Each structure stands twice: as C-alpha cells, then as structure tokens.
Amino acid sequence: MDIRSTLQALCDAFNAHDPDRVMSFFADDCVLEMPRGSEPWGARFEGREAVRKAIASRFEGLPDVHYGNEEHFVDEAARTGMSKWTLTGTSRDGKRTEVRGCDFYTFRDGKVIRKDSYWKIVE
C-alpha cells in the first residue's frame, strides 16, 4: 500500500465534501477522534456509521470547509501517516475559521482504522 498516495486521496475526498468517498478509505471497525469534546481526547466515534455521521456533520457545519497547504508524512513500517493542513471554512452563521491542524492515521490491510485529529487553538 502507498500510504502517501492514500493520504492525498483522503484529503481530496474531504475537499470534495463526499462522505461516501471519504468512508471508502475506512475499515468497518474504524475510530475517529475529533479535537473538540468533553474528554481529554475530544470526541470519539467508533464504527463506520458513527464515523460517517461525524464526517458528514463537518461538511454540514462548515459547508465550504477546505483542507489546504497539506503535507503528508509516512512511516510505512508502522502503517501510519500524518497529514498537516490549514482548515478554512465558514459556518452556517457566517463565522470564518482558519486553523492549522493535523490528522494521525493508522492503517490495517490498506484501510484506515484510526484517524486522530488535532487543531491549533486560535484565540
């Protein structure tokens, strides 16, 4: 598996705002950890349906969300990769967001089993 190409294809799928295309990269038993939430790890979603709903909610909350200036880093032996990006978007109430962040991915058999997201805090 070429993890770097997969990370780029994932970024492209997110920028296309296509939850089905995004989910084509994820395993059935996948886990998504988002930066915001009531726990130290943010919010955790487990399983394809829960992860798909969380991803779709990102597109609903920031309809023009875009991950730009992306960089991808890979450890093939560990089956992991990291994507750094600048997220931009406007919420439905007109609030503009621009923040640097990264996603840590873990793969098994060519599919994402964990996506752990981090954002810088903008004050």
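From a predicted model like this one, the values you see are computed outputs, not experimental measurements.

*Asks:* Can you explain the overall build of the protein? Please cite residues and give values.
*Replies:* Looking only at helices and strands, the protein features 3 helices and 6 strands. Start at the N end of the protein and walk to the C end: the helices and strands fall as α-α-β-β-α-β-β-β-β. Taken against the 2.2 N^0.38 rule, which gives 14 Å for 123 residues, the C-alpha radius of gyration of the protein at 14 Å falls within 12% of a compact globule. With the principal axes as the frame, the protein shows a C-alpha extent of 40 × 30 × 30 Å.

*Asks:* Summarise the sheet that holds strand S5 (residues 96-108); cite the residues concerned and give the values.
*Replies:* Strands sit in the order S2-S1-S6-S5-S4-S3 across an open sheet of 6 strands; the sheet is mixed. Looking at which strands have only one partner, the edges of the open sheet turn out to be strand S2 (42-46) and strand S3 (66-75). Recorded for the sheet is a direction-independent mean angle of 20 degrees between the axes of neighbouring strands. Taken together, the 5 bridges between strand S1 (residues 26-39) and S2 define a ladder with antiparallel strand orientation. Each bridged residue has a counterpart across the sheet, and for Leu32 the counterpart in S2 is Phe45. Across the sheet, helix H1 (residues 3-15) is in contact with S1, S3, strand S4 (80-90), S5 and strand S6 (111-119); its angle to S3 comes to roughly 160 degrees.

*Asks:* I'd like to hear about the pattern of salt bridges, residue by residue, with values.
*Replies:* Under the criterion given, the structure shown has 9 salt bridges. A salt bridge links Arg48 to Asp28, with the shortest nitrogen-to-oxygen separation between them at 3.6 Å. Highlighted residues: Arg48 in helix H3 (residues 48-61) and Asp28 in strand S1, separated in sequence by 20 residues. Residue class for Asp28 comes out exposed when judged on its relative accessible area of 62%. One salt bridge connects Lys84 with Glu71, and the closest N-O pair in it is separated by 3.9 Å.

*Asks:* An account of the pairing of S5 is needed here, citing residue identities and associated values.
*Replies:* One ladder, built from 11 bridges, connects S4 with S5; its direction is antiparallel. Of the residues in S5, the one forming a bridge with Thr80 is Thr106. The loop that links S4 with its antiparallel partner S5 comprises 5 residues; one of these, Gly94, has a positive phi angle of about 95 degrees. As judged from the 8 bridges shared by S5 and S6, these two strands associate in the antiparallel manner. Along S6, the bridge assignment pairs Gly101 with Trp119. Between S5 and S6, which pair antiparallel in sequence order, lie 2 residues; one of them, Asp109, sits at a positive phi of approximately 50 degrees.

*Asks:* Mind laying out unusual backbone geometry, listing which residues take part and the relevant values?
*Replies:* Positioned with a positive phi, Asn69 is a non-glycine residue whose angle comes to about 50 degrees. In this structure, Asn69 sits in strand S3. We classify Asn69 as exposed; its relative accessible area is 59%. In this model, Arg79 sits at a positive phi of 55 degrees, which is unusual for a non-glycine residue. Position of Arg79 among the secondary structure elements: in the loop between S3 and S4.

Here is what the cut-offs are and how they apply
- Each chain carries its own residue numbering, running from 1 in the written order of its sequence.
- Given that the model is predicted, a residue must reach a pLDDT of at least 70 before its local features are reported, and side-chain atom pairs must reach 80 or more before they are shown or counted; all residues, however, enter totals for whole chains, interfaces and linings.
- Values shown for side chains rest on all heavy atoms present in the structure; no hydrogens or waters enter the calculation.
- Working definition: helices are DSSP H or I runs of at least four residues, strands are E runs of at least two. Numbering for both runs from the N terminus.
- For this measure, only C-alpha atoms enter the radius of gyration; the expected value for a globule follows 2.2 Å times N^0.38, where N is the number of residues.
- Two strands qualify as a pair provided that DSSP identifies no fewer than 2 bridges between them.
- The angle between two axes is taken between their N-to-C directions and runs from 0 to 180 degrees, where each axis is a line fitted to C-alpha atoms and a helix contributes only its stretch in contact.
- Working rule for contacts: check all heavy atoms of both residues, and any pair within 4.5 Å makes them a contact.
- Salt bridges, as used here, are contacts in which a Lys or Arg side-chain nitrogen is within 4 Å of a carboxyl oxygen on Asp or Glu.
- Between buried and exposed lies partly exposed: a residue is buried under 20% and exposed over 50% of the maximum accessible area for its type, with that area taken using a 1.4 Å probe on protein chains only.

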